[in-house]
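Secondary and tertiary structure notes
Residues per chain, in single letters:
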Amino acid sequence: MGDDTRAADTATSGPVGSARSLLLTLWGDVVAPSGGRAWLGAVTDAMRALGVAPDATRQALRRLVAQGLLAADRQGRLAAYHATPVAMRRLEDAADRIYLRRPLAWDGRWRMLRLTPAVGDAAARAALRRELSWLGYGQLSAELWICPWDLGARRDTALAKHDATGHVEAYTAALEGDDRDLAATAYELDELAAGHRAFLDTYDAHPPQPPDDRAAFVARLELVHRWRRFLFLDPGLPAELLPSTWLGERAASAFLAHYRATEAGGWAFWDTLARAADPDGHAPRHPVSNLDGPALVADRGPRVAAAPGEAPSDAADDLTSEASAGVATASRQVGAARNRTGTAAADDPGRTEEFLTRIHGGHKVEPADWMPSTYRDLNVRFIEMHANSEIMGALPEREWIARAPTLLRKRSLAAKVQDEVGHAHLIYRVAESLGRPRAAMYEDLIAGRGKFHNVFHYPTRSWGDVACIGFLVDGAAIVTQRALLETSYAPYVRVMRRVVAEESLHYRHGEDIMLALASGTDAQFEMLQEAVNRWWEPVMHFFGTNVPAEDDPMIHWGVKTRTNEQSRQDWIGQYVPKLWDMGIETPDPALAYDPGSKTWTYTEPDWDRLRQIVKGEPTEATATRLYWRQVLHRNHDWVHRIITGDHVPVAA
Amino acid sequence: MPTYEVFGRRKWDAPMEHVGNLHAADHRTALLIARETHFRHQEGVDYAVVRSDHLHRLEDPSLLERRTDITYRLQTGYSGFREKREAARAAADARGRGALRDRPVPGSATKGTA
């Protein structure tokens with residue numbers, strides 16, 4: 001429906017772009033893949049279908065000839081136009097980006113260029129900057145440019161074109177900090193997001209089937225025309241560098257869905273025009289699909305070079321940076337060769353799209369199934385953080401086992417700490433099934449490189465804190481973990497069933513301590529109230545910012561099924577009434593339930609404080625806990641060696 | 001001819017459970033026979049076989065016995081919540097904080113508290 005409307009609109013409201021820019025779209029999408037040359041008759045007919053009159057087309061053709069992009073030739077009385085070598089290179093270059101032939105997995109390293117003062121005059125530098133920006137580089141300062149991809153020969157060609165070869169220093173570097181922040185500094189992401197939003201307003205996820213080939217051709221050319229305009233803005237950043245409000249992937253899947261729906265019909269229409277204009281009645285050969293073109297090869301691990309459907313046996317190496325660096329380099333030639341023959345289809349966007357449709361329809365993913373690398377990486381990151389949090393959550397409570405007031409409390413706290421460590425074991429196994437080795441996760445954690453939930457960075461000052469962790473923090477964990485029973489990765493679901501069952505016991509344990517303190521002496525009551533005051537904001541932080549479902553990559557990729565705000569509302573609704581019931585005040589004066597809208601209003605937590613806690617220097621509590629983990633890890637190494645069989649028996 | 005133990009999953013999110021054993025020449029044959037023997041009526045979505053002599057069973061069942069009271073590890077170890085909540089409410093009233101529980105909360109509108 002949408003497409004014939006648009007086709008009809010074109011006839012009445014005029015073309016979507018100037019004749020000149022539409023000609024470039026036509027050449028890039030249709031003529032260049034067929035060899036770069038087309039008869040004038042076919043071009044004017046095609047442009048007429050797009051709403052451009054023949055006179056305007058001829059005039060625009062003359063301008064492109066004057067600019068050195070096209071050249072005219074004749075055969076008898078028939079005129080033809082062909083793209084000049086310069087234009088062909090540019091069109092092929094653009095095609096990699098237009099048809100999303102860029103690999104999606106990032107190796108975590110930045111390619112940096114420093115422009116030395118020896119790079120030409122001001123005009124030459126400006127031209128080089130435009131070129132770098134078009135290639136996908138972002139600007140950090142006047143001299144410094146960065147890009148997440150290894151652009152290899154394309155970079156060298158661009159530098160040579162502006163006589164900059166030898167005047168530019170190239171580095172490959174890993175940032176010690178937040179890559180997202182760096183990306184946000186170097187690229188104009190807001191502007192780009194607005195562009196994507198506008199594109200998605202026009203093209204939704206469900207392309208209509210065009211009624212005939214002509215309509216398909218018009219819809220396809222208009223689609224490519226609108227799409228390629230982003231490319232001046234879109235650096236094609238990997239998902240892990242994009243803000244959570246990112247729409248690029250959705251825009252890309254909408255583009256691909258619409259392109260697939262119109263490409264074949266479009267070729268059929270063009271072939272008809274080309275045959276009609278050709279003196280011998282032949283149409284030039286073209287690829288079956290522009291989407292299957294040669295992929296741009298970046299640093300890829302062995303997993304991606306594997307044929308689709310193959311079990312990712314080497315995935316472990318792919319995800320551990322140092323250990324895999326050699327492997328990735330060694331396998332690059334393999335990857336390149338496979339890509340050239342078109343069999344590798346590294347994270348083919350169409351396949352990714354089908355995968356997403358399946359998991360949003362309730363399909364569950366098993367470890368041996370094919371999955372897009374972004375899905376694998378997001379799940380590993382999420383699950384590893386979850387497992388880390390179980391360990392780091394056990395430590396604050398562990399500090400209180402010896403100090404717990406009664407034998408029963410000591411025993412139950414010890415049992416709970418054991419449960420939490422047990423959860424970590426179960427959940428690390430799930431992350432391992434996705435290819436991340438446990439030893440690497442644990443070493444990262446105790447070295448202070450692992451990420452874990454904000455609530456486990458705080459000190460436990462009093463027995464009231466143990467009550468708060470058991471009741472409020474575990475309560476928050478139960479709310480979010482229940483939602484994980486609907487996650488798309490099957491081993492994670494099976495493990496979460498057991499974890500959630502055990503958490504209910506922890507919740508009982510927490511509530512029991514809360515009630516004992518609330519009905520105890522004034523000193524006990526005040527101790528509890530003071531602890532609740534301190535834990536309130538960390539728990540509100542715990543759920544994350546209010547990101548709409550459609551902008552949350554964790555929901556898009558089927559890791560989470562509920563928004564942060566839904567979870568926060570659930571938690572408040574379940575736990576705050578219990579606090580009030582026992583006479584404990586909540587520290588936020590704005591906190592109130594509106595029975596009409598059935599929502600809770602509250603004071604927006606200070607998100608800078610959250611950022612400080614999870615990304616800044618480790619808190620004293622965290623530094624101390626990690627220090628003891630390191631000491632104990634070393635001292636208990638003999639246990640580990642017995643379990644793994646890596647021990648030397650002592651002679652009697 | 002070796003014996004194979006058969007394990008199956010009734011639903012994709014259920015754990016693997018032991019369903020029986022069979023004789024077969026090798027694991028491929030065992031998988032085939034297991035399908036015909038145990039899974040021909042949609043009994044499961046997934047199954048596996050393992051040679052019985054590759055399974056190591058608990059030799060000393062007393063390892064599962066607990067010699068001490070472990071109720072603190074179980075939900076049943078925590079009880080009497082109604083009384084405990086009543087006690088907390090009474091304590092809140094005594095401290096002049098009873099009004100907190102009159103605030104609107106989910107479900108309270110039907111009770112007519114205002």
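Criteria and cut-off values
- Residues numbered from 1 in each chain as written.
- Chains lettered and ligands numbered in written order.
- Predicted model: local features only at pLDDT ≥ 70, side-chain atom pairs only at ≥ 80, totals over all residues.
- Helix = DSSP H or I, 4+ residues; strand = E, 2+ residues; numbered from the N terminus.
- Buried ≥ 20, exposed ≤ 12 C-beta atoms within 10 Å, placed from the backbone.
- Contact = placed C-beta atoms within 7 Å.
- Pairing = 2+ DSSP bridges.
- Axes fitted to C-alpha atoms, helices over the stretch in contact; angles between N-to-C directions.
- Nonpolar A, V, L, I, M, F, W, Y, C, P; charged D, E, K, R; others polar.
- Expected span 1.5 Å × (residues − 1).
- Bend = angle between axes of the 7 residues up to and from the residue.
- Core = buried A, V, L, I, M, F, W, Y, C linked by C-beta atoms within 7 Å.
- Arc of directions from axis to C-beta.
- Parallel < 35°, antiparallel > 145°, perpendicular 65-115°, else oblique.
- Left-handed = near helix turned anticlockwise from the far one by under 90°.
- pLDDT = per-residue confidence, 0-100.

1. Considering the overall build of chain B
Looking only at helices and strands, one finds two helices and three strands in chain B. Written out in order from the N terminus, the α and β elements of chain B read β-β-α-β-α. Taking all 114 residues of chain B together, the buried fraction comes to 10%. Relative to all contacts within chain B whose residues are 6 or more apart in sequence, the contacts with residues 24 or more apart total 47%.

2. Details of the sheet that holds strand S2 (residues 70–75) of chain A
Residues and elements named next belong to chain A. Taken in spatial order, the three strands line up as S1-S3-S2 in an open sheet, and their pairing is antiparallel. Strands at the two margins of the open sheet, each flanked by one partner only, are strand S1 (37–39) and S2. Direction aside, the axes of adjacent strands within the sheet are offset by 25° on average. Where S1 lies against strand S3 (residues 78–83), three bridges are found, and the strand directions are antiparallel. Bridge pairing in S3 links alanine 38 to tyrosine 81. Strands S2 and S3 of the sheet are contacted by helix H4 (residues 54–66), whose axis makes an angle of about 115° with S2.

3. Focus on the sheet that holds strand S6 (residues 144–147) of chain A
Pairing in this open sheet of four strands is antiparallel, and the strands run S5-S6-S4-S7 (chain A) from one edge to the other. At either margin of the open sheet sits one strand with a lone partner, and together these are strand S5 (138–139) and strand S7 (168–173) of chain A.

4. Points about the interface of chain B and chain A
Taken together, the contact between chain B and chain A spans 25 residues of the former and 28 residues of the latter. The class makeup of the residues in the side of chain B that touches chain A is 14 nonpolar, two polar and nine charged.

5. Notes on helix H23 (residues 564–581) of chain A
All names here are of chain A. The terminal C-alpha atoms of H23, which comprises 18 residues, lie 26 Å apart, in line with the 26 Å expected from a rise of 1.5 Å per residue. In H23, a bend of some 25° at tyrosine 575 exceeds every other bend along the element, and proline 577, a proline, comes one to four places later. Within H23, the full set of buried residues consists of Asn564, Arg568, Gln569, Asp570, Trp571, Ile572, Tyr575, Val576, Lys578, Leu579 and Trp580. Buried positions along H23 lie against helix H19 (463–484), helix H21 (522–542) and strand S9 (599–601).

6. A word on the pairing of strand S4 (residues 110–115) of chain A
All names here are of chain A. When S4 meets S7, the two strands line up antiparallel, connected through six bridges. Across the sheet, the residue bridging to methionine 112 is tyrosine 171, located in S7. Bridge analysis of S4 against S6 gives four bridges, and the strand direction is antiparallel. Bridge pairing in S6 places methionine 112 opposite isoleucine 146.

7. Thoughts on the nonpolar core
Residues and elements named next belong to chain A. In this structure, Ala467 and Ala518 are the most contacted members of the largest nonpolar core, which totals 76 residues. In terms of residue count, the dominant contributor to this core is H19 (13 residues). Setting aside residues no more than four positions away along its own chain, alanine 467 makes contact with Gly510, Ile513, Met514, Leu517, Leu528 and Ala531. With 53 residues, the next largest nonpolar core counts Val31, Ala32, Leu91 and Ala274 among its residues.

8. Focus on helix H15 (residues 349–360) of chain A
Residues and elements named next belong to chain A. Compared with the 16 Å implied by 1.5 Å per residue over 12 residues, the 16 Å span of H15 between its first and last C-alpha is a close match. Every buried residue of H15 is accounted for by Pro349, Thr352, Phe355 and Leu356. Axial view of H15: buried residues confined to an arc of 115°, hence all on one face. Of the residues in H15, the exposed ones pointing more than 90 degrees away from the buried face are Glu354 and Thr357. Where H15 terminates, the next one or two residues include glycine 362, which has phi positive at roughly 105°.

9. Focus: the packing of helix H17 (residues 407–433) of chain A against helix H20 (residues 490–518) of chain A
Residue and element names in this part refer to chain A. It is at 10 Å that the axes of H17 and H20 come closest, and there the two elements cross at 165°. Between H17 and H20, the interaxial angle falls into the category roughly antiparallel. For H17 against H20, the interelement crossing comes out left-handed. Together, Ser412, Lys416, Asp419, His423, Leu426, Ile427, Val430 and Ser433 of H17 and Pro491, Tyr492, Val495, Arg498, Val499, Glu502, His506 and His509 of H20 make up the contact between the two elements. Looking at the contact of H17 with H20 residue by residue, the classes come out as seven nonpolar, five polar and four charged.

10. Regarding the confidence of the model for chain B
Taken as a whole, chain B shows an average pLDDT of 87; of its residues, 95% reach a score of 70 or greater. Across the assembled chains, the prediction reports ipTM 0.79 with pTM 0.55.

11. With respect to the environment of arginine 228 of chain A
Residue and element names in this part refer to chain A. Relative to the helices and strands, arginine 228 resides in helix H10 (residues 213–230). Separated by 133 residues in the primary sequence, arginine 228 and alanine 95 have C-alpha atoms spaced 9.2 Å apart. Those residues within four positions of arginine 228 in sequence are excluded, and the remaining contacts are Thr25, Ala94 and Ile98.

12. Some details on the environment of alanine 24 of chain B
Residue and element names in this part refer to chain B. Within the fold, alanine 24 resides in the loop between strand S2 (17–23) and helix H1 (27–38). Put simply, alanine 24 and proline 2 are 22 residues apart on the chain and 6.2 Å apart in space, counted from C-alpha to C-alpha. Residues in contact with alanine 24, not counting those within four places in the same chain, are Met1, Tyr4, Thr29, Ala30 and Ile33.

13. Some remarks on unusual backbone geometry
Both trends apply: most residues other than glycine have a negative phi, and most peptide bonds are in trans. Positive phi, normally seen in glycine, also occurs at lysine 598 of chain A, with a value near 55°. Although it is not a glycine, glutamine 42 of chain B sits at a positive phi angle of roughly 60°. Structurally, glutamine 42 of chain B can be placed in the loop between H1 and strand S3 (46–51).

14. Notes on the confidence of the model for chain A
Residues and elements named next belong to chain A. Mean pLDDT over chain A stands at 82; residues scoring 70 or higher make up 86%. Per-element confidence in chain A is highest for H21, whose mean pLDDT is 96, and lowest for helix H12 (residues 302–305), whose mean pLDDT is 26. Note on residues 1–12: pLDDT under 50 across the span, and 19 contacts to partners over four residues away in sequence or across chains. Every residue in residues 294–345 is under pLDDT 50, and counting partners more than four places away or in other chains gives 82 contacts.

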